[in-house]
Amino acid sequence: MTSASPRVQGWCPGALRPMMSGDGLVVRIRPWAGRLRAAQAAGLAALSNRFGNGIIDISSRGNLQLRGVRMSDHPALLAALDELGLLDRDPSSEARRNLVVQPFWQAGDLTHDLATGLSQALSTARGLDLPSKFGFAVDCGDAPVMASASADIRIERGAGGGLIVRADTASGGQAVAPDGAVPAALRLAQWFLQSGGAPDGRGRMARHLAQKTASLPACWQDAEAMRPVAQPAPGVYAQGVLVGLAFGQCAAQTLGQLARYGDMRLTPWRMVLIEGATTIPEIDGVIGTSRDPRLRISVCTGAPGCIQAQGETRNLARDLAQVLPQGAILHVSGCAKGCARPRSSDLTVIPRDSGLDLVYGGRADDTADRSGCSVQQLRTEIRQWVRG
Ligand code: SF4
């Protein structure tokens, strides 16, 4: 049992700046422009087994995290990551290079070019000291598909079909030519800093705009945004197959097996697109259908991996998946911080010393509607859930 008021770290781990957790160091790898070569994926799987505990997370920003890395092994792991081409030149470059990329691009198209250009520009940008959680989305397909992904500045299609650069939550954006998109994204990031968006080194665009301490200049809202479309489901697409990783985590062996099918594109939906594959791989823990209830469950690390957790989460989620009604969204959170899903869910379960708490239609930090439940009682409650 740890504190009932979880600590806010305020920063995200990287490879060069890992974070200590309950099971050792968390080493987060940011593949360039959201793409991982098959050889890199196979290499990461081997490194997870050699230096970590064989467990790999896929984050909500489409990054991979090796868990359970021993402090003494960190230098050797960095050398190996460098050989795989997965290491930034310094911690600041790594922290800035925070972007998600819609996965349905074609080689040489705008999305691919812009993601590559933005990665390079962020890596080398001087004087752009953005908060650790500040990020970008490159989402330039026919319509935006990444509305649910965490991003502060978005490069998207406007309603007229051209490119726009948009501040997160702003109703419009600035129309840009393809070669102007990356510079515009950096200018908007500068506006965020200069207008007081990160007074203590922390801050997000949505909160900055909502607080109205500075108003977004009209030139950043001139162009109408295109309406986003729904998040894609697992299945076969022209670019390859999109598969989910159960609860955003997999064994190193699973990543190694997936690497045999091709290069990968990482998504913010706890899914990977395997380039060129035409059939869904049948691998334990890999989800190939939208009917799988595990896709509707968000789970954080929980105990013992997180030192703030008040209980185990993943086995609990696996158990509750069996009784989750069609369409219901479940969040299993190791404490009130709610890392895996900051917004509300149909059902939120939090383990406590006194048993399991259940919140209907709220977040992990809301007052529980049921407290001190056993797993069996929770199964019955969840089975009977009806949307209010
Ligand atoms: S929500 Fe989960 S991962 Fe986040 S601090 Fe609490 S137990 Fe840890």
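Cut-off values and rules
Residues numbered from 1 in each chain as written. Predicted model: local features only at pLDDT ≥ 70, side-chain atom pairs only at ≥ 80, totals over all residues. Heavy atoms only, no water. Helix = DSSP H or I, 4+ residues; strand = E, 2+ residues; numbered from the N terminus. Rg over C-alpha atoms; globule rule 2.2 N^0.38 Å. Buried < 20%, exposed > 50% of the residue type's maximum accessible area, 1.4 Å probe, protein only. Contact = heavy atoms within 4.5 Å. Areas by Shrake-Rupley, 256 points an atom, 1.4 Å probe, with all protein chains shown as cover. Lys, Arg positive; Asp, Glu negative; His and termini not counted. Charge placed at Lys NZ, Arg CZ, Asp CG, Glu CD. Pairing = 2+ DSSP bridges. Axes fitted to C-alpha atoms, helices over the stretch in contact; angles between N-to-C directions.

1. A look at the overall build of the protein
(1) Moving on: Within the protein one finds nine helices and 22 strands.
(2) Moving on: Relative to the compact-globule value of 21 Å for 388 residues, the protein shows a C-alpha radius of gyration of 21 Å, a close match.
(3) Moving on: Dimensions of the protein, computed from the C-alpha atoms along their principal axes, are close to 60 × 45 × 40 Å.
(4) Moving on: Within the span of the protein, comprising 388 residues, buried residues form 57% of the whole.
(5) Moving on: Sequence separation of at least 24 residues holds for 62% of the intrachain contacts in the protein that already meet a minimum separation of 6.
(6) Moving on: Carbon together with sulfur atoms contributes 50% to the accessible area of the protein, which is approximately 16,500 Å² in total.
(7) Moving on: Computed over 41 positive and 34 negative side-chain charges, the inter-centroid distance for the protein is 2 Å.

2. Notes on the sheet that holds strand 2 (residues 24-29)
(1) Moving on: Reading across from one edge, 1-2-5-4-14 is the order of the five strands in this open sheet, with antiparallel pairing throughout. Whereas interior strands pair on both sides, the edge strands pair on one side only; in this sheet they are strand 1 (19-21) and strand 14 (249-251). Mean inter-strand twist for the sheet, computed between neighbouring axes without regard to direction, equals 30°.
(2) Moving on: Strand direction decides the pairing type here: strand 4 (residues 55-58) and strand 5 (residues 64-69), joined by three bridges, are antiparallel. Its bridge partner being in strand 5, Ile58 is matched across the sheet by Leu64.
(3) Moving on: Sitting on the sheet, helix 2 (residues 74-83) is in contact with strand 2 and strand 5, with an inclination near 15° to strand 2.

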